[in-house]
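Observations on chain architecture
One-letter residues, chain by chain:
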Amino acid sequence: MNILLSTAAATRRMLPSAAILVLIALLVYANISDAPFVFDDRLNITQNTHIRMTAVTCDSILDVLNSPVPTRPMANLTLALNYYLHGYDVRGYHAVNLLIHVVTALLMFLVARQTLRLCGAGNTPAPLMAAALWLVNPVHTQSVTYTIQRMNSLAAMFFMMSLFLYIRARTADRTGRGLIRRVPLYVFSLAAGLAGLTSKEIVAVLPVILFLYEWYFFQNRDPFWLKRRLRWIGLAAVACLLPAAVLLGTSPVDQILKDYQKHDFTPVQRLLTEPAVVLYYISLLFFPHPDRLILLYDFPVSASCFKPLTTATAFMGLIALALCGLRLSARHRLLSFSVFWFLITLVIESSVLGLAIAYEHRTYLPSIFPFIALTALVTAPSRTRNIAVAILCLLIAVCGLWTWQRNSAWNDAVLLWRDNVAKAPDVAEAGNNLGQALLAAGDTEQAVSSFNTALAKDPSLDSARVNLGVALMRLGRPDQAIDLFRTALENNPLNIQARYNLAGLLKELGRPDDAIAQLRQIIALDPVCVEALLNLGGLLLDRGQEKEALEWLEKAAALNPGDPGISNNLGIALHRLDRMDEAIDILKHGLSQNPDHPGLHNSLGLVLLDRNRYEDASREFQMALAAAPMMPEAHNNLGLAAERQGDIIQAVGHYRQALELAPTYHLARYNLASLFLKTGQSDKVIPLIEESTDLKREDGAMLRHLLMDLIDAQKLEEAAILAEKMAAAEPDNPMIHYNLACLYARMNNPGNAIDHLRRAVSLGYDHWDHLRADPDLNNIRNSDYFKTLMPLLPAEPGI
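Residues numbered from 1 in each chain as written. Predicted model: local features only at pLDDT ≥ 70, side-chain atom pairs only at ≥ 80, totals over all residues. Heavy atoms only, no water.

The next subject is the environment of Leu-574. Counting through the fold element by element, Leu-574 comes out in helix H28 (residues 564–576). In this structure the C-alpha to C-alpha distance between Leu-574 and Ala-549, which are 25 residues apart in sequence, comes to 9.9 Å. Residues contacting Leu-574, with those up to four places away along its chain left out, are Leu-550, Arg-579, Met-580, Glu-582, Ala-583 and Ile-586. (Helix = DSSP H or I, 4+ residues; strand = E, 2+ residues; numbered from the N terminus. Contact = heavy atoms within 4.5 Å.)

Here it is in structure tokens:
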């Protein structure tokens, strides 16, 4: 009971400090809720099909392991849960990131309080001041606002949790209930460490930190204790090396060198450069003005110890820092420990591994104890404590303002990358990302300029080449776009993004066979590329190959069952295969997860329409319009439903509305023209067709149906006008010219009839039996052309 009371009392005493930290965090980070996904967020979040969790099941949790960074399942799982709760709404992701940041600050406060008590300084404002100052440091915006760096902040949170639980276990009573409480605390500390390790590999140094903390604060740096624990030191070293052995495999050197293939520096150059980077990190922590902060750095790489000269100076500075840590250990053990904490927690990302040279988020965990130690140092003298606290409060306010300013840049992708390009103009990747942000903002011309600038700086940057191709597609320059995609594929045949964009462009250009071939190659390279599976299924649907389309769409659905586009196409395929009940089930299931998806409502309405459930179908079309008021397909389908129920006025109205919304939507034009024919208003057909000035080849099938309807209705003049428009859209189609020849012959216009028959034959018309016997050509059989043509025809079979 006493233990429970003391715990409750301690919690009550901590609540005001916790409330202050939460309030500061909410104020300083209030402007990040709409910050967009940028840079690596795309690969790990928006393009990562493995985190698109639609149900919390064992299979969906296991699928998280297939993410682009499979060694970080804990972080990936939190992203998957974000997707499960609200899809790609960035606000939820930022809320979780901020929560992690606040929890880490609270753990820092608790660890600082316990550590200062162990140092004999129990009653001091340092823990709260240190946690608040660390919480608002603008350098940490990259760990909080940059969504994917949740991996970094989550690892730090678990790291601090493990340390706090270890300290609590060590400070518990060694007798009675205290002894019983220590065992679960150690277990939870181990569990937190493992959770951190599966968030990011930086937690691998935790055993060394725990051992060092034990020696500094519980053993008072007793050298004899250290000598007696050499075996445990060895075990701690092995515990740190074990994750590295697992990650690097049986050939660690080969794996490390492989990671350097994507960089323009060597392992030796990286090792020579990192001391200067570490010293720069220290300068950022103590002067984190937004003008100094950047996402992609252009840090000068050291070619040798004296090139540049600052390389040797940086090495000496780092050695001096370590020696200073040793010298301070006797009189200022907290300050000494903070030096080694900083160096040890940085060692993984600032050593020989093939990582980028510099990133601000790497200071997140290493900065924790330096802030604790320095804040404790300046608030230690009781006579000047109030002045020190006032100065720290001022620093917290200034840093909070700077953090707000830096987050303003993160809030706008164009602003963020313009800032990066201005600070590091030679970083081609920054220009490429600026182009992508401009493209997303609709500024295509500026995007093209940015991509060209990036390529001028780095001609090997194929991602900029592909993005430039996408921009040129939007500007109506498809030939240049195709050349760029093909160049990217020549440089790297495994470039799936280039191939995917090439497929999309070929589809737009009316080359479905070529587009299908590219999509098949993508699937051969990446069988789980959902976008390729979906688009291949959609193209096959357009070609009437429903059975094969269904196969690919079912594979896409297995990978991403919650995708409304996949559900929609599956429903369409099943509908066309006359598997109506299955189509209804699929579409209804899709709507259960995406109740406002207009395409699903529209497709379900079409199935119900074919089931003669006109009222149900109309309701679905109306729901589609409620979700997307500018959807011409829904109006067209409402017209079909009204027509089948005999409501001609309503049908005409909906067809007209469809055409007002989309004048090039020729299915509605065909439906309206057919309705005019059926209701004896044939005089309205040609004016309706002539409203359209952009008939295309893909409109041919429905126009041929309308042409036959006009011929059957003996409206030959109207049929001839329509056929001429069809010939203008498809000038090399021999069947259209043959039909025109027949029409003009029936209309006793032999000149035009012979001209079109000559054109049909020259284009390859070869239905010779039909030509010999077709009564529609009787009026021109005595013409000179026909008499000349007949002897040239192949002999009839059997003659």
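What follows deals with the nonpolar core. The biggest cluster of nonpolar side chains holds 244 residues, and the ones touching the most others in it are Trp-341, Phe-369 and Trp-417. For this core, the element with the most residues is helix H5 (residues 90–118), which contributes 13 residues. In this view, Trp-417 contacts Val-38, Phe-39, Leu-295, Leu-296, Ala-430, Asn-433, Leu-434 and Ala-437; residues no more than four positions away in its chain are not counted. (Core = buried A, V, L, I, M, F, W, Y, C linked by side-chain atoms within 4.5 Å. Buried < 20%, exposed > 50% of the residue type's maximum accessible area, 1.4 Å probe, protein only.)

Of note, the amide linkage connecting Lys-307 to Pro-308 takes the cis form, showing an omega dihedral of 0 degrees. Phi is positive for Asn-612, close to 60 degrees, though the residue is something other than glycine. Structurally, Asn-612 is set in the loop between helix H30 (598–610) and helix H31 (614–627). One non-glycine residue, Asn-748, lies in positive phi territory at about 60 degrees. Inspection of the secondary structure puts Asn-748 in the loop between helix H38 (734–746) and helix H39 (750–762).

Mapping Ser-189 onto the fold places it in helix H9 (residues 176–197). Residue classification places Ser-189 among the buried positions, given a relative accessible area of 4%. Residue contacts for Ser-189: discarding those within four places in its chain leaves Ser-162, Leu-165 and Tyr-166.

In this fold, Asn-739 is placed in helix H38. Under the relative-accessibility criterion, Asn-739 is labelled buried at 19%. With near-sequence residues (within four places) excluded, Asn-739 lies in contact with Leu-707 and Met-708.

Take the pattern of salt bridges next. A full pass over the atoms with the stated rule returns 22 salt bridges. One salt bridge in this structure joins Asp-419 and Arg-406, with 3.1 Å as the shortest N-O distance. In this pair, Asp-419 is assigned in helix H19 (residues 413–423) and Arg-406 in helix H18 (residues 385–410), connecting sequence segments 13 residues apart. Judged by relative accessible area, which is 22%, Asp-419 ranks as partly exposed. (Salt bridge = Lys/Arg side-chain N within 4 Å of Asp/Glu carboxyl O.)

The subject of this paragraph is the packing of helix H6 (residues 126–135) against helix H17 (residues 368–379). Direction vectors running N to C along H6 and H17 enclose 135 degrees, while the axes themselves pass 8 Å from each other. Between H6 and H17, the angle is such that the two are oblique. Seen along the crossing, H6 lies across H17 with a hand that is right-handed. For the pair formed by H6 and H17, the contact residues are Ala-126, Met-129, Ala-130, Leu-133 and Trp-134 on the first element and Ile-368, Phe-371, Ile-372, Thr-375, Ala-376 and Thr-379 on the second. Residue classes in the contact of H6 with H17 are distributed as 9 nonpolar, 2 polar and no charged. (Axes fitted to C-alpha atoms, helices over the stretch in contact; angles between N-to-C directions. Parallel < 35°, antiparallel > 145°, perpendicular 65-115°, else oblique. Left-handed = near helix turned anticlockwise from the far one by under 90°. Nonpolar A, V, L, I, M, F, W, Y, C, P; charged D, E, K, R; others polar.)

This next bit is on the packing of aromatic side chains. As enumerated under the stated definition, the model contains 25 aromatic pairs in all. Taken together, a centroid distance of 6.4 Å and an interplanar angle of 85 degrees make the contact between Phe-37 and Tyr-88 edge-to-face. Residue Phe-37 is found in the loop between helix H1 (2–28) and helix H2 (40–46), and its partner Tyr-88 is found in the loop between helix H4 (73–86) and H5; the two are separated by 51 residues along the sequence. Classification of Tyr-88 by relative accessible area gives partly exposed; the value is 30%. Each member of the aromatic cluster is reached from another via a ring pair, and the members are Phe-159, Tyr-213, Trp-215, Tyr-216, Phe-217, Phe-218, Phe-337, Trp-341 and Phe-369. Over the ring of Phe-218 we find Arg-170, and its NZ or CZ is 4.5 Å from the ring centre. (Phe/Tyr/Trp six-rings, centres within 6.5 Å; stacked < 30°, edge-to-face > 60°. Lys NZ or Arg CZ within 6 Å of the ring centre and 35° of its normal.)

On to helix H27 (residues 546–559). Here H27 is 14 residues long and its end C-alpha atoms lie 20 Å apart, about the 20 Å a rise of 1.5 Å per residue gives. Within H27, burial applies to Glu-546, Ala-549, Leu-550, Trp-552, Leu-553, Ala-556 and Ala-557. On its buried face, H27 is in contact with helix H25 (512–525), helix H26 (530–542) and H28. (Expected span 1.5 Å × (residues − 1).)

Before going further, it helps to spend a moment on a nonpolar patch on the surface. A grouping of Val-56, Ile-61, Leu-81, Tyr-84 and Leu-85 is seen on the molecular surface, where their side chains present a nonpolar patch of about 450 Å² in accessible area. At 3 residues, the largest contribution of residues to the nonpolar patch is made by H4. Note that Ile-61 resides in helix H3 (residues 58–63). (Patch = residues over 30% accessible without salt bridge, like charges linked within 9 Å, V, L, I, M, F, W, Y side chains within 5 Å. Areas by Shrake-Rupley, 256 points an atom, 1.4 Å probe, with all protein chains shown as cover.)

Attention now moves to helix H20 (residues 428–440). The end-to-end C-alpha distance of H20 is 19 Å, a good match for the 18 Å that 13 residues give at a rise of 1.5 Å each. Within H20, 10 of the 13 residues are buried, which leaves the element mostly enclosed by the surrounding structure. Those residues of H20 that sit buried are Ala-428, Ala-430, Gly-431, Asn-432, Asn-433, Leu-434, Gly-435, Ala-437, Leu-438 and Leu-439. Of the surrounding elements, those touching the buried residues of H20 are H2, H19, helix H21 (444–457) and helix H22 (462–474). Just beyond H20, the residue with positive phi is Gly-442, at close to 90 degrees.

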